[in-house]
Amino acid sequence: MKRSEIAIIGGGPSGLMAAEILSQQNHSVTVYDSMPTVARKFLLAGKSGLNITHSEDFNRFADRFGVASVRLRSALDAFTPADVRAWAEGLGTETFVGSSGRVFPKAMKASPLLRAWIKRLETQGVRILTRHRWTGFDGQALTFETPDGRKLVHSGATLLALGGASYPRLGSDVGWLATLKDKAVGIADFHPANCGFDVDWSDQFRERFAGEALKSVKASSEAGTIPGEFVITRHGIEGSLVYAHAAHLRDCLQTQGSAALTIDLAPGRSHDRLAKDLSRQDGKSSFSNRLRKGAGLEGVKSALLREIVPEAARTDAKTLADLIKALPITVMRPRPIAEAISSAGGVRWSAVDDAYMLKALPGVFVAGEMIDWEAPTGGYLLTACFATGRAAARGIDVWLRQ
């Protein structure tokens, strides 16, 4: 077929994956990105050990995307976690499964993988133009702000892979919202996902324990009961265990006006044993000593109980055991979306057809975080970005051939 000019706007994982697939199909592909370099959020994620995917059972994996799981399933079926690992290894990046089931590059960073990926794209003829900020449409043309002034681009098909609303300093600043709304594309409001929460700590607790980690605990909400750890911050709570419950806590705050994360501070001890051991402690001993000797709790765990448990409830062994096994941390609000690992909201699924084309804009497709879905941390988000980029690329190829 005749080579078609395709514009991919956004050089993150979904955009680059679409470029890889389309350039393999003899299309002429140009990736436009507003930043000086591509995949900045991808690189940032890799600084702490890139969670490239997850090794759990695929059916369970594919169900981790909440109400969007049904719409994402065909894309995930076509690019499973096993496929992600094989793709990475094809770029010279060996992977391994960590103790949590998360899959990491053996190098524990993203930069070698990204360098090899960009080299492959360039070999396949993909052009990458940075410092090109998309500003909308001028008739059928795409408009960009560039260092050389305004540029018009005509394309046979366009993929928007512009990201969500988290980490705007890395390029995902949702500057595309007004343009798509003007074109009658349905957009769901953005909200933080995989985020920390504000808690009304006392000044004394905040000053003494900000930065301390609560390890070997379990956290519960309607999202389930999950073991792990989290961190006390000056503002509240943060960390992987909090992120696992973030969607429920956020939605509960929106619908009910209040929310709490329930913590088991001693998951290795039963309630009955705690109550029995605490009842044996000398009532004249300090609260800290009774917790240390009767429950094995000290440091930040002991301080958290002192922060939350009323004075009147500290002397009854059964009540104290209840709270050690189920301590409610009341959260006030999510941290700002600019700090969140990812976001919920974006282009509504009702505005997107099965080929990832916008119903209101024939020839314009979408992929990645700018669509209304969210995922937990642990490789789910990145895998779905890869998968939707590939799915949109297939949609573009079919549309152009038709």
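These remarks concern the structure in this document. Residue numbers here run from 1 along each chain, matching the order of that chain's written sequence. Where local features are concerned, this predicted model is filtered to residues with pLDDT of at least 70; where side-chain atom pairs are given and counted, the filter is 80 or more; whole-chain, interface and lining totals use all residues. Computation of side-chain values: all heavy atoms of the structure, hydrogens and water removed.

A separate point is the overall build of the chain. For the chain, the count of helices and strands is 14 helices and 20 strands. Taking the principal axes of its C-alpha atoms as reference, the chain extends roughly 85 × 40 × 35 Å. Looking at the chain as a whole, 52% of its 402 residues are labelled buried. Two residues form a contact once any of their heavy atoms are found within 4.5 Å. The long-range fraction of contacts in the chain, counting pairs at least 24 apart against all pairs at least 6 apart in sequence, stands at 69%. Under the DSSP-based scheme used, a helix requires at least four consecutive residues in state H or I and a strand at least two consecutive residues in state E, with every element numbered from the N terminus. Burial here depends on accessible area, computed with a 1.4 Å probe over protein chains only, as a share of the maximum for the residue type. Under 20% is buried, over 50% is exposed, and the range in between is partly exposed.

A few words now on the sheet that holds strand β6 (residues 127-129). For two strands to be treated as a pair, DSSP must find no fewer than two bridges joining them. One open sheet accounts for five strands, arranged β6-β2-β1-β10-β20; its pairing is parallel. With partners counted over all chains shown, the strands left at the sheet margins are β6 and β20 (364-366), one partner each. Geometrically, the sheet is characterised by an average inter-axis angle of 20° between neighbouring strands, direction not taken into account. Note on geometry: axes are lines fitted to C-alpha atoms, helical ones only across the stretch in contact, with angles between N-to-C directions running from 0 to 180 degrees.

Take a side-chain nitrogen of Lys or Arg and a carboxyl oxygen of Asp or Glu: if they are within 4 Å of each other, that pair is a salt bridge. For the structure on display, the rule yields 23 salt bridges. Here E369 ties to K41 by a salt bridge, and the two come within 3.2 Å at their closest N and O atoms. Highlighted residues: E369 in the loop between β20 and α14 (380-401) and K41 in helix α2 (residues 40-46), separated in sequence by 328 residues. Judged by relative accessible area, E369 falls into the buried class, the value being 10%. Beyond isolated ion pairs, a larger network of salt bridges with shared partners links D198, R333, R335 and E339.

All right, on to the packing of helix α10 (residues 271-279) against helix α13 (residues 317-325) then. Between α10 and α13, whose axes approach to 8 Å, the crossing angle comes to 135°. Considering the angle they form, α10 stands oblique to α13. Helix-helix and strand crossings are classified by hand; for α10 and α13 the assignment is right-handed. Listed contacts from α13 to H271, L274, A275, L278 and S279 of α10 are A317, K318, L320, A321, D322, I324 and K325. Its residues assigned to classes, the contact of α10 with α13 shows seven nonpolar, two polar and three charged. To sort the angles, those under 35 degrees are grouped as roughly parallel, those over 145 as roughly antiparallel, those from 65 to 115 as roughly perpendicular, and the leftovers as oblique. Definitions for this section: a left-handed crossing has its near helix turned counterclockwise from the far helix by less than a right angle. A right-handed crossing has that turn clockwise. Note on residue classes: Ala, Val, Leu, Ile, Met, Phe, Trp, Tyr, Cys and Pro are nonpolar, Asp, Glu, Lys and Arg are charged, and everything else, Gly too, is polar.

The first and last C-alpha atoms of helix α9 (residues 240-256) sit 24 Å apart over 17 residues, in line with the 24 Å expected at 1.5 Å per residue. At A246, α9 is bent by approximately 55°, the largest bend along its length. The complete set of buried residues in α9 reads L241, V242, Y243, H245, A246, L249, R250, C252 and L253. The positive-phi residue at the C-terminal boundary of α9 is G257, with phi of around 85°. Here the expected span of a helix is defined as 1.5 Å times the quantity of residues minus one. To get the bend at a given residue, fit one axis to the seven residues ending there, fit another to the seven starting there, and take the angle between those axes.

The next thing to look at is the sheet that holds strand β5 (residues 102-105). Spatially, β3-β5-β4 is the arrangement adopted by the three strands of the open sheet, whose pairing is antiparallel. The sheet is open, and its two edges are formed by β3 (53-54) and β4 (95-97), each paired on a single side. Pairing of β3 with β5, which is carried by two bridges, proceeds in the antiparallel orientation. Bridging across to β5, T53 finds its partner in V103. Contacts from helix α5 (residues 81-90) reach β3, β4 and β5, with the element oriented near 145° to β4.

Under the pairing criterion, centres of Phe, Tyr and Trp rings, with the six-membered ring standing for Trp, must be within 6.5 Å; the plane angle then separates stacked pairs below 30 degrees from edge-to-face pairs above 60, leaving the rest tilted. Evaluated as defined, the whole model comprises 18 aromatic pairs. Ring geometry for W87 versus W117: centroids 4.8 Å apart, planes at 80°, classification edge-to-face. In this pair, W87 sits in helix α5 while W117 sits in helix α6 (residues 111-123), placing the two residues 30 residues apart along the sequence. For the ring pair W176 and F190, a centre distance of 6.0 Å and an interplane angle of 80° mean the geometry is edge-to-face. Taken together, the residues W176 in the loop between β10 (157-160) and α7 (177-182) and F190 in strand β11 (residues 187-193) connect sequence positions 14 residues apart.

Despite not being glycine, M108 has its phi angle at roughly 60°, a positive value. Inspection of the secondary structure puts M108 in the loop between β5 and α6.

Both strand β13 (residues 213-221) and strand β14 (residues 224-232) contribute to a ladder of seven bridges, which runs antiparallel. Bridge assignment links A213 to a residue of β14, and that residue is V231. Where β13 meets strand β16 (residues 259-264), three bridges bridge the pair, whose relative direction is antiparallel. Across the sheet, S220 pairs through a bridge with T262, a residue of β16.

For D57, the position within the fold is in the loop between β3 and α3 (58-62). Along the chain, D57 and I8 lie 49 residues apart, while their C-alpha atoms are 33 Å from each other.

Looking now at the environment of L320. The topology assignment puts L320 in helix α13. Sequence separation between L320 and S279 is 41 residues; the distance between their C-alpha atoms is 9.8 Å. Excluding its chain neighbours within four sequence positions, the residues that come into contact with L320 are L278, F287, L291, A313 and R314.

Our focus in this paragraph is helix α12 (residues 299-308). Taken residue by residue, α12 has V300, K301, S302, A303, L304 and L305 as its buried positions. Of the surrounding secondary structure, the elements contacted by the buried residues of α12 are α8 (203-209), β13, β14, α11 (287-295), α13 and β17 (327-331).

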